[in-house]
Amino acid sequence: MAESASLVHPATAGTPDAPHGAARDASIAGRPRSPRGRTALLLAALGVVLVAAVVASATAGQLAIPPRDVLASFLRALGLSDAPESVPNADAALWTIRFPRIALGLLVGAALAVAGAVMQSVFSNPLAEPGVVGVSAGAALGAALAIVLGLTTVGDWTVAVFAFGAGIATTAVVYLASRASGRTEVVTLVLTGIAVNAFAGGALALLMFLGDQGSREEIVFWQLGSLNGARWPEVGVALPLVVAGGAVSFVLARRLDLFSLGERGARHLGVDVERTRVIAIVAVAVLTCAAVAFAGIISFVGLIVPHLMRMVIGPAHRGLLAASALGGALLLVVADLVARTAVPMADLPIGVLTALVGGPFFFWLLRRTRRRAGGWG
């Protein structure tokens, strides 16, 4: 009964004989009556704010470019305008530096947020995030290995390729190690992930000890996360991976809704729990590795954004995943804008900014969860 009660939406909770007149109308005043209406309103608002954030990010920097010139540059690239530049080198700055950086930020933010939403559903826990299955730690270890050994197997792509491959491999190790008798349990999966994360952290520390000063500095900078140096080829590689992982997540949306009933309830309703969990973890691994390989470790996006979206529109996953993708993209674009402009002539790591915001939010989330659950025991 306690589990069933926890699934009741606050807007519909109440006594069976509660009136349906003025009291009920007052409780929902100021917001759309339909959950679908709230979702549509939220998606529209996020879309508008995201466009504004993209324009603001394109205009800001050492070379100030007015919004009308940003639009003119975009139209020139499409062949719809032949107006000359009013700001010297504006096209070069936008299309070589700012637009690819913004595009990569959109992809990374959306990927991490969608991955976080899927993980929270698979683990039935709002405190879950993509790093639970060791994907981020494994990617960091792969990148550090390439840096310390000075590998150039695939040229400038070596660090990204090693990070992506190690992240996928680590996720596979966590899943296979936690599997027994043809199935996995959430608790075992979490504990295995903790053990693998600890091992990866120790191996990373050893590589930093063995590496020279330049390698150590590069590893530290990579771990802090940054979109600095983003280029169109990286966007071209990340795009299909993020689209594929996101598409799989949306296909699983209905089955993830049923996960809220617990594994037994989902099975009774015809969900192949083990198969769904495997596909979901693979999608999370692809999304997270695509983000981490090109931007480094950016924490808390996969934790904060899905939880905020769930608080606004509820747990239905089709709307939740779409809102999380837009919210994650918005958060990364804004964070990158702050990282580029907060300190003159400097580029702050995005991971530092997201941690400074995400740390207090996570503390609040812990206290809120504990208060609503009446304690941890």
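Sequence order as written defines residue numbering, which begins from 1 separately in each chain. Given that the model is predicted, a residue must reach a pLDDT of at least 70 before its local features are reported, and side-chain atom pairs must reach 80 or more before they are shown or counted; all residues, however, enter totals for whole chains, interfaces and linings. Each side-chain value is worked out from all heavy atoms of the structure, with water and hydrogens disregarded.

Description of a nonpolar patch on the surface
The condition that has to hold: What goes into a patch is any residue over 30% in relative accessible area without a salt bridge, connected to like charges within 9 Å or, for nonpolar side chains (Val, Leu, Ile, Met, Phe, Trp, Tyr), within 5 Å. For the accessible areas, the method is Shrake-Rupley and the probe is 1.4 Å, while residue cover comes only from the protein chains on display. For salt bridges, the criterion is a side-chain nitrogen of Lys or Arg within 4 Å of an Asp or Glu carboxyl oxygen. Helical segments are the DSSP runs of H or I of at least four residues, strand segments are the runs of E of at least two, and each set is numbered from the N terminus. Relative accessible area decides the class of each residue, using a 1.4 Å probe on protein chains only: under 20% of the type maximum gives buried, over 50% gives exposed, and in between gives partly exposed.
Together, Val220, Leu224, Val352, Leu356 and Val357 make up a nonpolar patch on the protein surface, roughly 400 Å² of accessible area in all. A total of three residues in the nonpolar patch trace back to one element, the largest contributor, which is helix 16 (residues 350-373). Tracing the sequence through the fold places Val352 in helix 16. Taking relative accessible area as the criterion, Val352 reaches 32% and is therefore assigned partly exposed.

Let's talk about the side chain of Thr288
What counts, and what does not: We define a polar contact as two N or O atoms separated by no more than 3.5 Å, with the added condition that, inside protein, one atom must be a possible hydrogen donor and the other a possible acceptor, whereas residues neighbouring each other in sequence contribute only through side-chain atom pairs. Whether two residues are in contact is decided by their heavy atoms: any pair within 4.5 Å suffices.
Its location among the elements puts Thr288 in helix 13 (residues 273-295). Overall, Thr288 belongs to the buried group, its relative accessible area being 1%. Engagement of the side chain of Thr288 in a polar contact is seen with the backbone oxygen of Val284, the distance being 2.8 Å. With residues near it in sequence (within four places) discarded, Thr288 still touches Leu112, Ala115, Pro130, Val135 and Ser136.

A short note on the nonpolar core
In plain terms, the rule: Only buried residues count toward a nonpolar core. Its members are Ala, Val, Leu, Ile, Met, Phe, Trp, Tyr and Cys residues joined through side-chain atoms within 4.5 Å.
One finds Leu104, Val108, Val118, Phe123 and Ile298 to be the most contacted residues of the largest nonpolar core, which totals 75 residues. If one sorts the elements of this core by residue count, helix 5 (residues 90-122) sits on top with 14 residues. Setting aside residues no more than four positions away along its own chain, Leu104 makes contact with Leu227, Ala230, Glu234, Val235, Ala238 and Phe294.

Quick word on the pattern of salt bridges
Taken as a whole and judged by the stated rule, the model has six salt bridges. Its salt-bridge partner being Asp336, residue Arg101 comes within 2.8 Å of it at the nearest N-O pair. Separated by 235 residues along the polypeptide, Arg101 in helix 5 and Asp336 in helix 15 (residues 317-341) bring together distant segments of the chain. Each member of the pair, Arg101 as well as Asp336, is classed as buried. Salt-bridge contacts for Arg101 lead to Asp347; the nearest nitrogen and oxygen are separated by 2.9 Å. Pair noted here: Arg101 is in helix 5 and Asp347 is in the loop between helix 15 and helix 16, with a separation of 246 residues, a long-range link. Several salt bridges converge on common partners, so that one network encompasses Arg101, Asp336, Arg340 and Asp347.

That is the geometry; function is a separate question.
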